[in-house]
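# Observations on the model geometry
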Amino acid sequence: MEFAEEMREFLIESNDGLAALDRDIVELEKHPTDELLIGSVFRTLHTLKGASGFFGFSILGSITHIAENLLGQVRDKQRNLTPELVSLMLSTVDVVKAVLANIEECGHEGADDYQELRDRLAEMFRSGSEAMFEAAAAEVERGTAIADEAGPVAELAASKGSLASSSTIRVDVNLLDKLMNLVGELVLAQNQIVQSGTANAVTIHGALQRLNLITRELHEGVMRARMQPIGVVWNKLPRAVRDLAAAVGKKIEVHLEGAETELDKTIIEAIKDPLMHLVRNACDHGIESCEARVAQGKSPHGTILLRAYHEGGYVNLEISDDGAGIDPQRIKSKAVQRGLVPRERAAQMSEWEALRLIFLPGLSTAEKVTPISGRGVGMDVVRTNIEKIGGAVDVTSRAGVGSTIKIKIPMTLAIIPGLAVSVHSTRNIVSGAMPDEHRFVIPQANLLELVRLEGPERRKQIDRIHEAEFYRWRGKLLPLAHLSRILGLPSCTSESDVLNIVVVKAEETAFGLVVDQIDDTQKIVVKALGKQLKELRCYAGATIMGDGKIALILDLPGVARLARIVPQAKESVDESLEPEQAAAGGWR
Amino acid sequence: MSAADAAAGNGVGIRQFATFRVADMFMGIELARVQELLRYQEMTWVPLAAPMIAGLINLRGQIVTVVDMRRILGLAPVADGEALPMNIVIHSDGGPVSILVDEICDVLDVPIEASTPIPANLPPEQREFLEGVYQLGCGLLLVIRTERILAIDGSLITP
């Protein structure tokens, strides 16, 4: 069993090492003489080789051994780092990844011994040094010979199979120590409270205050332990871009800024695919071909810049390219042509509104469908996925200069800021005259502003068209919805003089939610509802308030749909995508 | 079940039920499914949920859906002045769920031979939620189908 634990560690460390290897090798291509970088790649390979030998993985061992020798020649200046060599190195990394995945899944290296790759490596190596080839070739032979004996040892390790790397997290020991200290203090505070049964109020108050402080610090500490730098995802991008650029015959460089920006692990997982899609888009439609760039007086190398930074409890991610930009006119005509937007509506659109059309399902401006993108299933999926985690996507673009996609996501999912509101009703027959107060939480991400109308002023600013009410809000008509009516609560507040409007945004539509009382904003812990209530789309979950009572968290898109402010048939649009498009689409 | 069987002695043909009362019905639920019993808890009502959903309770920081057994069986709600209902919390893959019943009774060991098919003249909406009927000395024990209770769709309307 102990052996299995070590094997797990080996897999995690190897996967970490490989992610870095990808990035380092691509970096190495740009700076072929950077000795530090060569050293780092060399060390990673060497560690991998050592560990493979220890566990008896002979295929892995022999592959990494030749690759290491090859790199040794580069380090000793016996050969130059050619693009072919870099490609070979990268495919070596791929093979090592495949073998590791096999080990993780079934406990052995698999049937394929990757003779072809080893031959290519040996060939490359021989061209560098005839003398050292003999040793390497012997190594290859020995590797194959041992391959069969490795079976039983490896099987031992197969007990714990699944996805060791994505279900574990590395935590700073200092942080762990701090958490342990806090738990110690928590126990002390608890003792203090337990023993203070007879003590006076002041002592208890002091103990409670301490408890309050400890809990908050503990909470922050635990959240910190879940944080990971965004670099974990970004590490994969330079390699992906290199491959993509080669596939479409362009020259593209990737720059990363703020790779140390931290995000909750669940969010990192959630943005992985959308991010990859956006980068792919930038490579494929953003950056022009070398000739086109030179013709416009730009450098033949396109640049993709990824930036991450914190801003007010959110993390901003920007993906910019210095390509051709997006032409709003073309987007408009495409949208009209596909029947997504009426012609007259398109004519009135501002440039910004037109650019945002790229997030509509079924819109792609690429003239031809390439294996990389252009099927028009991408951007709306990106938007849906980002919004699912409480984020927002925006796009800016300047013709000929480039375009930028900006993603704003919360740092963590489990705890979000929210506004507590209440409505009063007389549902409870038992309690009679006293009206019930129902509390709900509106996620801050949906919140635009709060409006309070008092006295006769109120009448003037509310307009009615039949049943529907509107509030004149900055020159626009803001549809109003009464939360109590949407939720079917018999409202008991008589026509009072005060009207509280929470202006919210759901699926790009702003509307006013009328509530009886606005409480305060607070950080809330989101808890899921039982599966019996999953079908109720108007709630995103529930939370426990300071007084121990439960408040439901409103799902604003669901509420807007109930109030008939946004169209009902969102789901059916998604399903109407052709299945083959969905399956083969550029996304994922 | 195996632990329950062993506790019941010779272990063959005995089932253990946590029994409770709903209106004038004597009912039981597989003991192994029961997580804990709770007195009446203040509930948060869920607007737009089906009447079967009594509300949500805070069980040591966990949010638990409470289903009302009276409503499930199509019975009238508890009248004013009657004793407050109690919670039987059962565990499921999707987290705990609480069943609101009038009164919690004993744990009973029941021989399997006492089982009879559900009488045909019970209303279909009640039959749906029952697994079987056991003839006991003290009357008829109606055993509920836990899986069916867990599978309740509590939404009244789907937006």
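Residues numbered from 1 in each chain as written. Chains lettered and ligands numbered in written order. Predicted model: local features only at pLDDT ≥ 70, side-chain atom pairs only at ≥ 80, totals over all residues.

### Topic: the overall build of chain A
Here is the rule we go by: Numbered from the N terminus, helices here are DSSP runs of H or I no shorter than four residues, and strands are runs of E no shorter than two. Each residue is classified by how many other C-beta atoms fall within 10 Å of its C-beta atom, where C-beta atoms are placed from the backbone; a count of 20 or more means buried, 12 or fewer means exposed, and values in between mean partly exposed.
Counting its regular elements, chain A contains 22 helices and 18 strands. Buried residues in chain A amount to 35% of all 588 residues.

### Overview of the sheet that holds strand 7 (residues 402-410) of chain A
Residue and element names in this part refer to chain A. Quick note on the threshold: At least two DSSP bridges between two strands are needed for those strands to be called paired. For helices, the axis comes from a line fit to the C-alpha atoms of the stretch in contact; other axes are also lines fit to C-alpha atoms, and the angle between any two N-to-C directions lies between 0 and 180 degrees. Here contacts are defined at the residue level, using C-beta atoms placed from the backbone and a cut-off of 7 Å between them.
As summarised here, the arrangement of the five strands in space is 2-4-5-7-6, forming an open sheet in which the pairing is mixed. The open sheet is flanked by strand 2 (252-257) and strand 6 (392-398), the only strands paired with a single partner. Shown here is a sheet whose adjacent strand axes are inclined to one another by a mean of 15°, direction ignored. Bridge analysis of strand 6 against strand 7 gives seven bridges, and the strand direction is antiparallel. Bridging from a neighbouring strand, V393 pairs with I407 of strand 7. In the packing of helix 12 (residues 265-286) onto the sheet, the strands contacted are strand 2, strand 4 (302-311), strand 5 (314-321) and strand 7, and the crossing angle to strand 5 comes to about 20°. Contacting strand 6 and strand 7, helix 17 (residues 378-388) runs over the sheet at an angle of about 135° to strand 6.

### Observations regarding the interface of chain A and chain B
Here is the rule: When residues are grouped by polarity, Ala, Val, Leu, Ile, Met, Phe, Trp, Tyr, Cys and Pro land in nonpolar, Asp, Glu, Lys and Arg in charged, and all others, Gly among them, in polar.
The interface of chain A with chain B comprises 26 residues on the first partner and 23 residues on the second. Breaking the side of chain A that touches chain B down by element, the ones donating at least two residues are strand 17 (539-544), strand 18 (550-554) and helix 20 (556-562) of chain A. Counting residues per element, the side of chain A that touches chain B draws most heavily on helix 20 of chain A, which supplies three residues. The residue makeup of the side of chain A that touches chain B, split by class, is twelve nonpolar, seven polar and seven charged.

### Some thoughts on the sheet that holds strand 16 (residues 517-525) of chain A
All names here are of chain A. Strand order across the open sheet formed by five strands is 16-8-9-18-17, with mixed pairing between neighbours. On the outer flanks of this sheet lie strand 16 and strand 17, each paired with one strand and no other. This sheet shows a mean twist of 35° between the axes of neighbouring strands, independent of strand direction. Pairing of strand 8 (residues 415-425) with strand 9 (residues 436-443) involves eight bridges; the strand directions are antiparallel. Along strand 9, the bridge assignment pairs S422 with R439.

### Notes on unusual backbone geometry
Trans peptide bonds make up the majority, and among non-glycine residues the majority have a negative phi. All names here are of chain A. One non-glycine residue, R474, adopts positive backbone phi at about 50°. Residue placement: R474 occurs in the loop between strand 12 (468-473) and strand 13 (476-482). Notably, R564 is not glycine yet its phi reads approximately 60°, a positive angle. Along the chain, R564 falls in the loop between helix 20 and helix 21 (570-575).

### Here's the deal with the nonpolar core
Using the following cut-off: The nonpolar core criterion groups buried Ala, Val, Leu, Ile, Met, Phe, Trp, Tyr and Cys residues into a set whenever they are joined through C-beta atoms within 7 Å.
Ranked by size, the top nonpolar core spans 80 residues in total, and within it A:V441, A:L554, B:L56 and B:V67 carry the most contacts. Discounting residues that sit within four places of it in the chain, A:L554 has contacts with A:F440, A:V441, A:I442, A:C538, A:Y539, A:A540 and A:V559. Judged by nonpolar contacts, the second largest core, of 42 residues, contains A:A245, A:I267, A:A308 and A:L355.

### A word on the packing of helix 12 of chain A against helix 17 of chain A
All names here are of chain A. Short version of the rule: If an angle is under 35 degrees, it is roughly parallel; if it is over 145, roughly antiparallel; if it lies from 65 to 115, roughly perpendicular; otherwise it is oblique. Take the far helix as your reference; a near helix turned counterclockwise from it by less than a right angle gives a left-handed crossing, and one turned clockwise gives a right-handed crossing.
Closest axis-to-axis distance for the helix 12/helix 17 pair is 10 Å, and the angle between their directions is 150°. Between helix 12 and helix 17, the angle is such that the two are roughly antiparallel. For the crossing formed where helix 12 meets helix 17, the hand is left-handed. On helix 17, the residues touching A270, P274, H277, L278 and N281 of helix 12 are G378, V382, N385 and I386.

### Some remarks on the pairing of strand 6 (residues 86-90) of chain B
Residues and elements named next belong to chain B. Of the pairings in the sheet, the one linking strand 3 (residues 34-38) to strand 6 comprises four bridges and is antiparallel in character. The partner of E36 across the bridge, within strand 6, is V89. By the bridge criterion, five bridges tie strand 6 to strand 7 (residues 97-101) in an arrangement that is antiparallel. Residue pairing across strands places N87 opposite L100, the latter belonging to strand 7. Where strand 6 folds back onto strand 7 in an antiparallel hairpin, the turn is made up of six residues, including G95, whose phi is positive at roughly 95°.

### Section: the confidence of the model for chain B
All names here are of chain B. Quick reminder of the rule: pLDDT is a per-residue confidence score from the predictor, ranging from 0 to 100.
Averaged over chain B, the pLDDT score is 84; the fraction of residues at 70 or greater is 90%. For residues 1-10, every residue scores under 50 in pLDDT, and the model assigns this stretch ten contacts once sequence neighbours within four places are set aside. Both scores are available for the predicted complex, with the pTM at 0.56 and the ipTM at 0.83.

### As for helix 3 (residues 58-75) of chain A
Residue and element names in this part refer to chain A. Selection criterion: Expected helix span is given by 1.5 Å per residue-to-residue step, counting one fewer step than there are residues.
The end-to-end C-alpha distance of helix 3, which contains 18 residues, comes to 25 Å, matching closely the 26 Å that a straight helix rising 1.5 Å per residue would cover. Summarising burial for helix 3: 14 of the 18 residues are buried, a large majority. Among the residues trailing helix 3, K77 stands out with phi positive, at a value near 60°.

### Comments concerning the environment of B:G139
One can find B:G139 in strand 11 (residues 139-144). Sequence separation between B:G139 and B:F26 is 113 residues, and the spatial gap between their C-alpha atoms is 7.9 Å.

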